[in-house]
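The chain contents come next:
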Amino acid sequence: MDFCGVKEYLKTDLDRVNKVIRESLASDIVLLNKTNESLLRHSGKQLRPVLSLLVARACSGGFITEDTIRYAAAAELLHNATLLHDDVADGSTQRRGNPTVMSLLGGRASVLLGDFWLVKAMNNILQCGNSSSQVIRLFSKTLSDLAEGEMLQLQKAASGDTKEPDYYRIIFSKTASLFEAAAVSAAISVGASPEKRKAVKNYARSLGIAFQIQDDILDYDGGQAIGKPVGIDIMEGKITLPLLGALASVDKETADPVRHKLSDTGSIAEHRDEIIDFVKTNGGIDYARARLQEYVDNAKIFLRALGSGKDIEMLCEIADFVGERKS
């Protein structure tokens, strides 16, 4: 079964999640509603609510709760809030092949809209039962992780000295942390045992890291498929895993000039194609793909603690999808 098949399997529950999202975003401000509707029409894969629903079902033996629905909605709302903010920070004019809010209405509107979605995410959590305070702490940690990850990435882009531990900390903070919150909150929503919560936390962390590694590979090898040109990370001075793999394969005398070109913001555009070629020539993409597969495999290993069943099989398929996706 492919990812579309997984979403079809979850259609009834996903429809409930999307209904909650739409109701949460409703406003008497015409511009706000119009912009929200446009974003919802291009809502992407909805991987995080899919993850939430499957985790809840896998931990419970096949059922979900109203809290599951609201936590899944919160994860998707928070994810899109961060994208609206990221578009301003990165100066992005396209997202998912469509113009960004920032490009259409300006950075101020994009930040305000991101704040609106963020507040609605928290409101959904607060409407839940006895677990809401615990889940608020989970999502609050994610927001803290996101801010720290962004700042560390900015710091390392300026210095040009990113190492692999820095890279993994950045992508956990910016991507995997929300995967983790989506999964653990779902487990909490169905009263999962501490052992199951630990298993889904480790699964989701590995899944999120794999997801970001694949994104970074696509930026060197197929970025146009995700609605943006190749080499955006290079233009922003980011040293991601494909480049780290290529740098590790050459001596210091060869690597240092490449790092210097990335930190030289005034002329970085001139070096983009050269750096892409350097990565491909020196095995950087193969290196990143090998690490990606390790995280996909580890994610599936962590699921063994949940036993067996259709929902667990689908969580394994989600891991494979993350590692193989082209967009």
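Here, the structure is the one placed above.
Here's what I pulled together on the structure shown here. None of the values given here were measured: they were computed from a predicted structure. (Residues numbered from 1 in each chain as written. Predicted model: local features only at pLDDT ≥ 70, side-chain atom pairs only at ≥ 80, totals over all residues. Heavy atoms only, no water.)

## Here we look at the overall build of the protein chain
Line of reasoning, step 1. Looking only at helices and strands, the protein chain features 16 helices and 2 strands.
Line of reasoning, step 2. Its C-alpha radius of gyration of 20 Å places the protein chain within 12% of the 20 Å reference for a compact globule of 327 residues.
Line of reasoning, step 3. Along the longest, intermediate and shortest principal axes, the C-alpha atoms of the protein chain span 60 × 50 × 35 Å.
Line of reasoning, step 4. A total of 327 residues make up the protein chain; the buried ones form 54% of that total.
Line of reasoning, step 5. For the protein chain, restricting intrachain contacts to residue pairs at least 6 apart in sequence, the fraction spanning at least 24 positions comes to 76%.
Line of reasoning, step 6. Put simply, the protein chain shows about 14,400 Å² of open surface, and 52% of that area lies on carbon and sulfur atoms.
Line of reasoning, step 7. Across the protein chain, the centroid of the 40 positively charged side chains sits 5 Å from that of the 44 negatively charged ones. (Helix = DSSP H or I, 4+ residues; strand = E, 2+ residues; numbered from the N terminus. Rg over C-alpha atoms; globule rule 2.2 N^0.38 Å. Buried < 20%, exposed > 50% of the residue type's maximum accessible area, 1.4 Å probe, protein only. Contact = heavy atoms within 4.5 Å. Areas by Shrake-Rupley, 256 points an atom, 1.4 Å probe, with all protein chains shown as cover. Lys, Arg positive; Asp, Glu negative; His and termini not counted. Charge placed at Lys NZ, Arg CZ, Asp CG, Glu CD.)

## Things to note about the packing of helix α10 (residues 194–220) against helix α15 (residues 284–302)
Line of reasoning, step 1. Contact geometry of α10 with α15 gives a least axis separation of 8 Å together with a crossing angle of 160 degrees. In terms of their interaxial angle, α10 and α15 are classed as roughly antiparallel. Our pair here, α10 against α15, has a crossing hand that is left-handed. Contact residues: Ala-199, Asn-202, Tyr-203, Ser-206, Leu-207, Ile-209, Ala-210, Ile-213, Gln-214, Ile-217 and Tyr-220 in α10; Ile-285, Ala-288, Arg-289, Arg-291, Leu-292, Tyr-295, Val-296, Asn-298, Ala-299 and Phe-302 in α15.
Line of reasoning, step 2. For the contact of α10 with α15, the residue count by class is 15 nonpolar, 4 polar and 2 charged. (Axes fitted to C-alpha atoms, helices over the stretch in contact; angles between N-to-C directions. Parallel < 35°, antiparallel > 145°, perpendicular 65-115°, else oblique. Left-handed = near helix turned anticlockwise from the far one by under 90°. Nonpolar A, V, L, I, M, F, W, Y, C, P; charged D, E, K, R; others polar.)

## Overview of the pattern of salt bridges
Line of reasoning, step 1. On inspection of all chains with the given rule, the structure shows 21 salt bridges.
Line of reasoning, step 2. A salt bridge links Asp-87 to Arg-95; the nearest nitrogen and oxygen atoms lie 2.6 Å apart.
Line of reasoning, step 3. Note that Arg-205 is salt-bridged to Glu-180, the shortest N-O span being 2.9 Å. In this pair, Arg-205 is assigned in helix α10 and Glu-180 in helix α9 (residues 164–189), connecting sequence segments 25 residues apart.
Line of reasoning, step 4. On the accessibility criterion, Arg-205 (33% relative accessible area) is partly exposed. (Salt bridge = Lys/Arg side-chain N within 4 Å of Asp/Glu carboxyl O.)

## Describing unusual backbone geometry
Line of reasoning, step 1. Its identity as a non-glycine residue notwithstanding, Gln-46 has a phi of 60 degrees, on the positive side.
Line of reasoning, step 2. Of note, Gln-46 is situated in the loop between α3 (30–41) and α4 (47–60).

## A few points about the side chain of Arg-70
Line of reasoning, step 1. By the element assignment, Arg-70 lies in helix α5 (residues 66–90).
Line of reasoning, step 2. No salt bridge is formed by the buried Arg-70, whose closest oppositely charged neighbour, Glu-66, lies at an N-O distance of 4.2 Å.
Line of reasoning, step 3. Within the local environment of Arg-70, its side chain forms a polar contact with the side chain of Asn-124, the two groups lying 2.4 Å apart. (Polar contact = N/O pair within 3.5 Å; in protein donor to acceptor, adjacent residues only side chain to side chain.)

## Here's the deal with α5
Line of reasoning, step 1. Counted at 1.5 Å a residue, the expected span for α5 with its 25 residues is 36 Å, and the 36 Å between its end C-alpha atoms agrees.
Line of reasoning, step 2. Most of α5 is tucked away: 20 of the 25 residues are buried.
Line of reasoning, step 3. Directly beyond the C-terminal end of α5, a positive phi value near 65 degrees is found at Gly-91. (Expected span 1.5 Å × (residues − 1).)

## A word on the layout of surface pockets
Line of reasoning, step 1. When its volume is computed, the second largest pocket comes out at roughly 400 Å³.
Line of reasoning, step 2. Along the walls of the second largest pocket sit 19 residues, with Ser-38, Leu-39, Pro-99, Thr-100 and Val-101 positioned nearest its centre.
Line of reasoning, step 3. Within the residue set of the lining of the second largest pocket, elements represented by two or more residues are α3, α5, β2 (98–99) and α6 (101–105).
Line of reasoning, step 4. No other element matches α3, which puts 6 residues into the lining of the second largest pocket.
Line of reasoning, step 5. In terms of residue class, the lining of the second largest pocket is made up of 8 nonpolar, 6 polar and 5 charged. (1 Å grid on protein atoms, 1.4 Å probe; cavity = no way out; pocket = protein on both sides within 12 Å on 5 of 7 lines; lining within 4 Å. Points joined across faces, edges and corners; volume = space filled by probe spheres on them.)

## Focus: the packing of α4 against α10
Line of reasoning, step 1. Relative to each other, α4 and α10 sit at 155 degrees, their axes nearing to 12 Å. It follows from the interaxial angle that α4 and α10 lie roughly antiparallel. Read as a crossing pair, α4 and α10 show a hand that is right-handed. Of the residues in α10, those touching α4 at Leu-47, Arg-48, Leu-51, Val-55 and Cys-59 are Lys-196, Val-200, Tyr-203, Ala-204, Leu-207 and Phe-211.
Line of reasoning, step 2. Here the residues of the contact of α4 with α10 sort into 9 nonpolar, no polar and 2 charged.

Read these as geometric descriptors, not functional statements.
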